[in-house]
Each structure stands twice: as structure tokens, then as C-alpha cells.
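Descriptive analysis of the structure
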Amino acid sequence: MDRQEDHLKGSFLDQSVSVRVRALGSTRMTSESPPPSAAWELLLPAAAAPARARGRSLRSALRDAVRAGRLAPGTRLPSSRDLARDLGVSRGLVTEAYEQLTAEGYLRSGRGAGTWVGEAARAAAPGARDLAPRTADGIRVDFRAGSPDLSLFPRTAWAAAQRDVLSALPHQGLGYPDPRGLPRLRTVLAELLARRRGVVTDPERIIVCSGVTQAVTLLGFVLHARGQRGIGVEDPGSPQYEELFAAAGPAAVRLALDAEGLALGPLRASGVRAVVTTPSHHFPSGIAYSAARRAQLLDWAREVGGLVVEDDYDGDFRYDRAPVGALQGLDPEHVAYTGSVSKSLVPGLRLGWMVVPDALADEVVARKRYMDLGNPALDQATLARLVERGDYDRQLRRCQRAYKERRDALVAALRAHLPGTEVSGIAAGLHAIATLPDRYGPPEALVERCAATGVAVRPLGHYGSATGEGVSLVLGYAHLSPGRITEGVRLLARAAQELDHARVHSTRR
């Protein structure tokens, strides 16, 4: 080996991780071929690839070495003749690899100057992270609200509906869909919402979207374009609205509630002309707006020419009586109704809907078109088929039975392990408010002690301004089995009692 090869070998070994390959298998080397240079052993698997894949494998191996920094910028590569001899492949294969990577910018070359690693490539970024919500290590029971029981997803019914759709969907049905949603889905949704929630609509007023979050974002864009600089939201309420509306344009204006719902005094004083509400089952307090307050809220909207955005996130789940009908049914021109399958099926489907007043429909559809060109056609058609077959109604009944049983288990466990705890709000939805006696506070200390005991909980104050006396916790139960709920309450009670004992001991000292 001449001096140049010695230099290249040493330089490469300093910058690479040698891959020890003892045999090449079916390579093109013969007994007379010289052994490959140790500096290029990481390319031997590529050289040993099947003949048809050998060129692609060689290019990929070189590209990966540059990306990972094993071949640093400025490193000179062997001539195509030398590398081909070392690897036991044809010179043309190496020449083609050099030319391809030079065209892509990984390598650079000049007439008579050799081939070098280019300056453009940098080490690859770390592998993809998963930013989906996860329960922290050490947590045995997670009472944080917001998730249904994902195991209740009707996999068999969904798969059957999907097979039906794929076998019958014409080729043109796989093109860009109507940005409002597939007519087939909007038609069955119009019937479903009228039958189950008392919504006044027709297929032309329904817009399919990626859940309630996208629906509210779209309305934020449209209202901001019309000059509205603020949109009212409930306090306490969902904590996402500040960032959501900041992206769309308007500011989120927090508005207080009282025992009947959104307080009219602060609403009128705020000057906003649109407000997002959860009137059928307020999140998180669990109250249902009174009939009088619903009427007053609509009167306000008519007086100011405003809009009430109704988030009906869990309206199908009421356990003590028939669900209260949607507010939208009382005044379809001043209420935009939103809902989704996130609680009834699973949030991962990212399918929801919005029923908008005629005056806003064209602007919302235009925004929707430019935002995403429509939701996935296959998933829309599958959901439509699920509703048509009656499987969606069966799923709602199944969930309602399971969630009622779990709420009952939560109430019984609190009564047994934390006497004096009051469960407030209507018997509905996927969460409940548990107010513990004052001696178990303050809420922040209790949450911290619960985490140390293995229970994740959130206080009411996490969602905005907490009112009333005692230590109020928002307990999500839908995703937990009755046995896990009982275990969680037992651990919660232990944490509360430890905190109380520590306080008493400190006071005595």
C-alpha cells in the first residue's frame, strides 16, 4: 500500500466506527483479489448485497457515513479504482455512487483533484420523539381528566365498516374530498345530531373537521378577519384557549361562571361578541347551564349580533336522566355547534364536526379548504358506514354503561375512604369534581403528596379560577376500571391523611 493509501486509511479510522465483517458471502471477490482495506470495512455489507441492490446499498452506506459524521467534511475519498478493488466490486459501481452523491451535495470533486466529503452535510438529528401525552414513571393510577377508555374502541365493527368502504368506494372517491366533508358522512351526521342531540341542521350546514380544536380554530380565524379581537371563554375552563386563539388571532378573554353557568354581568362588561361554552356539561365544574341562563345567553347573542360556540364534548353521556338537548337547537343562527368522536370512539381518529350559521358557512369552508384540503376520505367513509349500520349507536350505549359503572365506583370509593368528600356536578361525562374537607389542603401540597404516593390528580385551579371552599380535585374516571378507581382513591386517601398528620404534627411543635 503506498503512502497515500496509508494516509487515507489512518484518516478514515480516526473518523469512523469500524464494522468488523469476517466474511462477505456472495461478493464478487476471488481468491486472487487483494483483501479490502480495514478503513472501508463499514462498506462491506453494501458490497455483499445482492447484485441488483449493490449500487443502492453502496450509495446509502456512504450517505449515512457522511450524515453521521463518520466521514467528516474535507475527508478525501479513495479513487474509484482503489475503492472498487478494496470492496471487490466493479469500478463503474463506485463511479456511479460518487457521481450520485456529488450531485446530491454529499461529496465534491474536481478534474484531477479527487473526491472529497462536502461541507453541506451535517450529522443527522436524533431519532423522532413521541410527544403524545404519557403518564409519568411511578404513577400507578392516573386520574387526570380528558381521555376515554381506548380499549372500548370497536375494532371489529370499524374493520368491517372499513372493508365495506374499500370494496365499494369508486376510484374517484380517493381524490381530494369536499373540504366540508364527504356528503355521505354529512348526511348521516345531520340525522344523528338531530336525533340524539336536538341539533337543527342539514348536510349543507355541517363541516367535518379534525376535532373540536380545529373547529374552534377555524372560527377564531374567521371572527378575527371580521374584526373581533377577543373571544370569551369560560373560567374555569379548558386551558388550551390562550394558545389556540393566539395562533388564530383573537385574544382569549376569561369570563367567570356562577352556579347557573356563564355569568352575564362579566360577559356584557367584556365587550366580546363571541364566547365558547360547554352548556350541557360544563368542563370542568360539571354543572349544566340552567334553562334560564341558556335563554339569557341567547338573548345576549341576539342583542350584540354575536355568536355562542357550543362545545358538546360529552353530551351523549348522561347517567341520571336523558341528556339535555343542544343549545344550538334554540337558535341555529346565533350558535355554532361543535362535537367529535374523541370521547365516543377514540381521539386518535381526529374526526369531528361543526354546524355553523349560514352567515359564517362560506368563510369557514374557505378557511378549511386552505388549511388542509379536507379530512381523510377513507376515515370519513368508514365513520359514515359505522353510523349507517347502527354500530355507532351501539358503541354509545356500551360506553354509557361502562362509564356510569365507573362513576358509581368512584363515588362509592370516595365515600368509603375519604368521608366528608362531596362529589358535585351532574351525573354525566367522563370526570367528576371531588371536594375534600379543608384539612387535606392546600391543593398544591395534596397534588404533590398524591404524586409521591403514585396517583396523578389535578386540582380545579389548574383550569382557571377555582371558587368555593375546600380542596377540589377534577377526577377523570372513564379510562380506569372500577378496581383501579378504588385503588386510586385508596392511595389518594393515604396521601391526604399523611398530609393532614404532617400538618397536625407541625402545629403541635
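Just so it is clear, the structure is predicted and the values come from calculations on it, not from any experiment. (Residues numbered from 1 in each chain as written. Predicted model: local features only at pLDDT ≥ 70, side-chain atom pairs only at ≥ 80, totals over all residues. Heavy atoms only, no water.)

Notes on the layout of surface pockets
Selection criterion: Cavities and pockets were defined on a 1 Å grid built from protein atoms only: a cavity is a group of points that admits a 1.4 Å probe but offers it no way out, a pocket is an open group of points flanked by protein on both sides within 12 Å along at least five of seven lines, and a lining residue is one with an atom within 4 Å of any such point. Grid points are joined across faces, edges and corners, and a volume is the space filled by probe spheres set on the points.
Taken as a whole, the largest pocket encloses approximately 1300 Å³ of empty space. Around the largest pocket, the lining comprises 38 residues; the ones closest to its centre are A145, G146, S147, K343 and P347.

Section: the pairing of strand β3 (residues 114–117)
Filter applied, for reference: Each residue's exposure class comes from its accessible area (1.4 Å probe, protein chains only) as a fraction of the maximum for that residue type: buried when under 20%, exposed when over 50%, partly exposed otherwise. Numbering of helices and strands starts at the N terminus; helices are DSSP runs of H or I of at least 4 residues and strands are runs of E of at least 2. A pair of strands is labelled paired if DSSP reports no fewer than 2 bridges between them.
Residues of β3 alternate between two faces, with T115 and V117 buried on one and G114 and W116 left unburied on the opposite face. Bridge count for strand β1 (residues 76–77) against β3 is two bridges, and the pairing is antiparallel. Among the inter-strand pairings, R76 is bridged to a residue of β3, identified as W116. Two strands pair when backbone bridges link them, and strand β2 (residues 107–110) and β3 are joined in this way by four bridges, in the antiparallel orientation. The residue of β3 that forms the bridge with G110 is G114. Connecting β2 to the antiparallel partner β3 that follows it, the hairpin turn spans three residues, and G112 within it adopts a positive phi of roughly 75 degrees.

Observations regarding helix α3 (residues 51–67)
For clarity, the cut-off: Expected helix span is taken as 1.5 Å per residue step, with the number of steps being one fewer than the number of residues.
Its 17 residues place the ends of α3 25 Å apart at the C-alpha level, agreeing with the 24 Å of an ideal helix rising 1.5 Å per residue. Residues of α3 that are buried include every one of A53, R54, G55, L58, R59, A61, L62, R63, A65 and V66, and no others. Of the residues flanking the end of α3, it is G69, one or two places downstream, whose phi is positive at about 85 degrees.

Section: the sheet that holds strand β7 (residues 251–258)
The eight strands lie next to each other as β5-β12-β11-β10-β9-β6-β7-β8, forming an open sheet whose pairing is mixed. For this open sheet the edge positions go to β5 (206–209) and β8 (261–262), each flanked by a neighbour on one side alone. Pairing geometry for strand β10 (residues 307–311) and strand β11 (residues 335–340), over four bridges, is parallel. Across the sheet, V309 pairs through a bridge with A336, a residue of β11.

Quick look at the sheet that holds β2
Taken together, the three strands give an open sheet; going across it, the order is β1-β3-β2, and neighbouring strands pair in antiparallel fashion. The open sheet has two edge strands, β1 and β2, and neither has a second partner.

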